[in-house]
Amino acid sequence: MKRFTVAAVALTSTALFVATACASGEEIFNAKCMACHPNGGNIINKSKTLSKKDREANKLKTTKELVKYMRNPGPGMTKFDVKALPDKDAKAVAEYIIKTFK
Ligand code: HEC
């Protein structure tokens, strides 16, 4: 698992290759989401952080809703289709977000 952590530091564009089968939600998050959502924040739209408060205000409460959002995100966010982020990985990231950003 360590090797993914190393890759995760490489951020944004170079990070896209990290979506391999056994990466954890945290590792995927660090690789694919961290650039725009450091510590669960949002460097582009400050009213749409990954905090529980913002997520709930924007009706993103469940794993399912979060996965759906990744498939069809708001303006400024990279779109993650099934190819970029398989369902299993998308779910793992969603679970990580729910459990990590309060
Ligand atoms: C290129 C920058 C960028 C990347 C990379 C990115 N996001 Fe986002 N994200 C945004 C922006 C911008 C918004 C706000 C969009 C809007 O205005 O509706 C957002 C919004 C969100 C929201 C909604 C938050 C809320 O409170 O409404 C979630 C959930 C989210 N992103 C998850 C992710 C996940 C998971 C990943 C990685 C798989 C990711 N994002 C990668 C830029 C990014």
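Each remark here, short or long, concerns the structure printed above.
Residues numbered from 1 in each chain as written. Predicted model: local features only at pLDDT ≥ 70, side-chain atom pairs only at ≥ 80, totals over all residues. Heavy atoms only, no water.

S.K.: Teacher, can you tell me more about the side chain of His-37 here?
M.R.: Within the secondary structure, His-37 is located in the loop between α2 (25–32) and α3 (52–57). Classification of His-37 as buried rests on a relative accessible area of 10%. Engagement of the side chain of His-37 in a polar contact is seen with the backbone oxygen of Gly-41, the distance being 2.8 Å. Aside from chain neighbours lying at most four places away, what touches His-37 is Phe-29, Asn-42, Lys-48, Leu-50 and Met-77. (Helix = DSSP H or I, 4+ residues; strand = E, 2+ residues; numbered from the N terminus. Buried < 20%, exposed > 50% of the residue type's maximum accessible area, 1.4 Å probe, protein only. Polar contact = N/O pair within 3.5 Å; in protein donor to acceptor, adjacent residues only side chain to side chain. Contact = heavy atoms within 4.5 Å.)

S.K.: Honestly, the site of the ligand in this entry has me stumped. Any pointers?
M.R.: Surrounding the ligand, one finds 25 residues, the nearest of these being Cys-33, Cys-36, His-37, Thr-49 and Met-77. Here an oxygen atom of the ligand and a backbone polar atom of Thr-49 are 2.8 Å apart. Tyr-69 is positioned with one of its side-chain polar atoms (N or O) 3.4 Å from an oxygen atom of the ligand. It is helix α4 (residues 63–71) that contributes the most residues to the shell around the ligand, three residues altogether. (Near = heavy atom within 4 Å.)

S.K.: In this structure, what is going on with the packing of aromatic side chains? I would like to understand it.
M.R.: Between two aromatic rings, the relevant description is the distance of the centres plus the angle of the planes. Going through the model one piece at a time under the given rule, you end up with three aromatic pairs. Between Phe-29 and Tyr-96, the aromatic rings sit 5.5 Å apart at their centres with planes inclined by 45 degrees, giving tilted as the arrangement. With Phe-29 in helix α2 and Tyr-96 in helix α5 (residues 87–100), this pair connects stretches of sequence that are 67 residues apart. For the residue pair Phe-29 and Tyr-96, the accessibility class agrees, reading buried in each case. Plain terms: the ring middles of Phe-29 and Phe-101 are 5.3 Å apart, the flat faces sit at 50 degrees to each other, and that makes the pair tilted. With Phe-29 in helix α2 and Phe-101 in the segment after α5, this pair connects stretches of sequence that are 72 residues apart. (Phe/Tyr/Trp six-rings, centres within 6.5 Å; stacked < 30°, edge-to-face > 60°.)

S.K.: So what exactly am I meant to see when it comes to the nonpolar core here?
M.R.: Among the nonpolar cores identified, the biggest contains 17 residues, and Phe-29, Leu-66, Met-70, Leu-85, Val-93, Ile-97 and Phe-101 are the most heavily contacted of them. Of the residues forming this core, the biggest block, five residues, is contributed by α5. Residues contacting Leu-66, with those up to four places away along its chain left out, are Arg-55, Leu-60, Ala-94, Ile-97 and Ile-98. (Core = buried A, V, L, I, M, F, W, Y, C linked by side-chain atoms within 4.5 Å.)

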